[in-house]
Amino acid sequence: MSKEAEEGLSGASVYYLPVHSSQEIDGQKRVAAILWFFDSGSHSCMGIEGVYGCVEPDQVEWYKREAEKVREMYGEGLH
């Protein structure tokens, strides 16, 4: 599974995926965890050649915004 990054965001694939519990509460499966995916690219990081790229500052800002939305949707325990 993969998802394209939103337009203007560094990396080809930057997204999160909710993982649902196998146990139901009030007939609903709750979100037990959030998996975060960041495309760091395939080029050097911080001037070091031969390694994958770094997570970019705009990806970190995206994470902060999305993590706040996740907390609002699923509660404080997930981010």
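For the structure itself, look to the data block above.
Residues numbered from 1 in each chain as written. Predicted model: local features only at pLDDT ≥ 70, side-chain atom pairs only at ≥ 80, totals over all residues. Heavy atoms only, no water.

Trainee: Help me understand the state of the cysteines, please; the structure alone is not making it clear to me.
Mentor: In a disulfide, the sulfur atoms of two cysteines are held together by a covalent bond. Enumeration according to the criterion identifies one disulfide in this entry. For cysteine 45, the disulfide goes to cysteine 54, at an S-S distance of 1.4 Å. Given an S-S torsion of about 60°, the disulfide between cysteine 45 and cysteine 54 has right-handed geometry. Judged by relative accessible area, which is 13%, cysteine 45 ranks as buried. (Disulfide = S-S within 2.5 Å. Buried < 20%, exposed > 50% of the residue type's maximum accessible area, 1.4 Å probe, protein only.)

Trainee: Can you walk me through unusual backbone geometry in this structure?
Mentor: Phi is positive for methionine 46, close to 55°, though the residue is something other than glycine. Of note, methionine 46 is situated in the loop between β2 (28-37) and α1 (57-74). (Helix = DSSP H or I, 4+ residues; strand = E, 2+ residues; numbered from the N terminus.)

Trainee: When you look at the pattern of salt bridges in this model, what are you seeing that I'm missing?
Mentor: Where charged atoms from two side chains of opposite charge come close, those side chains can pair. This structure, assessed with the given rule, holds four salt bridges. Across the pair arginine 71 and glutamate 68 runs a salt bridge whose closest N-O atoms are separated by 3.1 Å. Taken together, the positions of arginine 71 and glutamate 68, both in helix α1 and three residues apart, correspond to about one turn of that helix. According to the relative accessible area criterion, glutamate 68 is partly exposed, its value standing at 36%. (Salt bridge = Lys/Arg side-chain N within 4 Å of Asp/Glu carboxyl O.)

Trainee: Explain the nonpolar core to me, please; I cannot follow it from the model alone.
Mentor: Most often, soluble globular proteins keep nonpolar side chains buried together rather than apart. One finds Ala5, Leu9, Val14, Val31, Ile34, Trp36, Trp62, Ala67 and Val70 forming the largest nonpolar core, which totals nine residues. Mapped by element, the contributors of at least two residues to this core are β2 and α1. (Core = buried A, V, L, I, M, F, W, Y, C linked by side-chain atoms within 4.5 Å.)

Trainee: Looking at this structure, I do not really get the pairing of strand β1 (residues 15-25). What am I missing?
Mentor: Residues in a regular strand point their side chains to alternate faces of the sheet. With eight bridges connecting them, β1 and β2 associate as antiparallel partners. Its bridge partner being in β2, histidine 20 is matched across the sheet by valine 31. Adjacent in sequence and paired antiparallel, β1 and β2 are bridged by two residues, among which aspartate 26 carries a positive phi angle near 55°. (Pairing = 2+ DSSP bridges.)

Trainee: I'm lost on the environment of leucine 9 in this one. Help?
Mentor: With respect to the helices and strands, leucine 9 occurs in the segment before β1. You can call leucine 9 buried: its relative accessible area is 12%. When the C-alpha positions of leucine 9 and aspartate 26 are compared, they lie 38 Å apart, and in sequence the two are 17 residues distant.

Trainee: Honestly, the packing of aromatic side chains in this entry has me stumped. Any pointers?
Mentor: Given two aromatic rings, one states the distance between the centres and the angle between the planes to describe the pair. Counted under the stated rule, the structure contains six aromatic pairs. Seen from their ring centres, tyrosine 16 and tryptophan 36 are 5.0 Å apart, and the 45° between their planes marks the pair as tilted. Here tryptophan 36 lies in strand β2 and tyrosine 16 lies in strand β1, a separation of 20 residues in the sequence. Residue tyrosine 16 is classed as partly exposed on the basis of its relative accessible area, which comes to 21%. Judged by its relative accessible area of 17%, tryptophan 36 falls in the buried class. Their ring planes at 80° and their centres at 5.8 Å tell us that tryptophan 36 and tryptophan 62 sit as a pair that is edge-to-face. Residue tryptophan 36 is found in strand β2, and its partner tryptophan 62 is found in helix α1; the two are separated by 26 residues along the sequence. Ring pairs connect the aromatic residues Tyr16, Trp36, Phe38, Trp62 and Tyr63, which therefore count as one cluster. (Phe/Tyr/Trp six-rings, centres within 6.5 Å; stacked < 30°, edge-to-face > 60°.)

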